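# Structural description and commentary
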Amino acid sequence: MDLKEMRAASVEDQRKELEALREKQFTLRMQSATGQIRNVSEIAKVRRDIARILTVMQQAGSR
């Protein structure tokens, strides 16, 4: 989801996306800990996406 889509999305959609990204982050961390991860840069990408959603939510006052 890009920034324009995040801003246009409803609060509920933003929360669902945030929850999905946090679950993905957890999965990637577990894969990293067990040595099963293939693309380490995916962790950083997910962290940035989480930060983007939190920023948009905070700017909208819906956090």
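Residues numbered from 1 in each chain as written. Predicted model: local features only at pLDDT ≥ 70, side-chain atom pairs only at ≥ 80, totals over all residues. Heavy atoms only, no water.

A word on the overall build of the protein. Scanning the protein for helices and strands turns up 3 helices and 0 strands. Reading the secondary structure of the protein in the N-to-C direction produces α-α-α. Seen through its principal axes, the protein has C-alpha atoms that stretch 40 × 15 × 15 Å. Among the 63 residues that make up the protein, the fraction classed as buried is 29%. Long-range contacts, defined as pairs at least 24 residues apart, comprise 62% of the intrachain contacts of the protein with a sequence gap of at least 6. (Helix = DSSP H or I, 4+ residues; strand = E, 2+ residues; numbered from the N terminus. Buried < 20%, exposed > 50% of the residue type's maximum accessible area, 1.4 Å probe, protein only. Contact = heavy atoms within 4.5 Å.)

Further remarks concern the nonpolar core. What tends to happen in soluble globular proteins is that the nonpolar side chains get buried as a cluster. Within the largest apolar cluster, 12 residues are counted, these being Met6, Leu18, Leu21, Leu28, Ile37, Ile43, Val46, Ile50, Ile53, Leu54, Val56 and Met57. Of all elements in the fold, only α2 (11-34) and α3 (41-60) reach the threshold of two or more residues within this core. Among the elements that line this core, the one with the most residues is α3, at 7 residues. (Core = buried A, V, L, I, M, F, W, Y, C linked by side-chain atoms within 4.5 Å.)

In this section: the pattern of salt bridges. Summed over the entire model, instances satisfying the criterion amount to 3 salt bridges. Note that lysine 24 and glutamate 42 form a salt bridge whose closest N and O atoms lie 3.0 Å from each other. Of this pair, lysine 24 sits in helix α2 while glutamate 42 sits in helix α3, placing them 18 residues apart in sequence. Looking at lysine 24, the relative accessible area reads 38%, which means it is partly exposed. (Salt bridge = Lys/Arg side-chain N within 4 Å of Asp/Glu carboxyl O.)

Take the packing of α2 against α3 next. In a pair of packed helices, the angle between the axes and the distance between the axes together describe the arrangement. Packing of α2 against α3 brings their axes to within 9 Å, and their N-to-C directions diverge by 155 degrees. The pairing of α2 with α3 is recorded here as roughly antiparallel in orientation. As α2 packs across α3, the resulting crossing turns out to be left-handed. Together, Gln14, Arg15, Glu17, Leu18, Leu21, Arg22, Lys24, Gln25, Leu28 and Ser32 of α2 and Glu42, Ile43, Val46, Arg47, Asp49, Ile50, Ile53, Leu54, Val56 and Met57 of α3 make up the contact between the two elements. Class assignment of the residues belonging to the contact of α2 with α3 gives a composition of 10 nonpolar, 3 polar and 7 charged. (Axes fitted to C-alpha atoms, helices over the stretch in contact; angles between N-to-C directions. Parallel < 35°, antiparallel > 145°, perpendicular 65-115°, else oblique. Left-handed = near helix turned anticlockwise from the far one by under 90°. Nonpolar A, V, L, I, M, F, W, Y, C, P; charged D, E, K, R; others polar.)

The next thing to look at is α2. Between its first and last C-alpha atoms α2 spans 35 Å; for 24 residues at 1.5 Å apiece the expected length is 34 Å, and the two agree. Among the residues of α2, Gln14, Leu18, Leu21, Gln25 and Leu28 are the ones counted as buried. Residues of α2 that are buried sit in contact with α1 (3-8) and α3. Directly beyond the C-terminal end of α2, a positive phi value near 80 degrees is found at glycine 35. (Expected span 1.5 Å × (residues − 1).)

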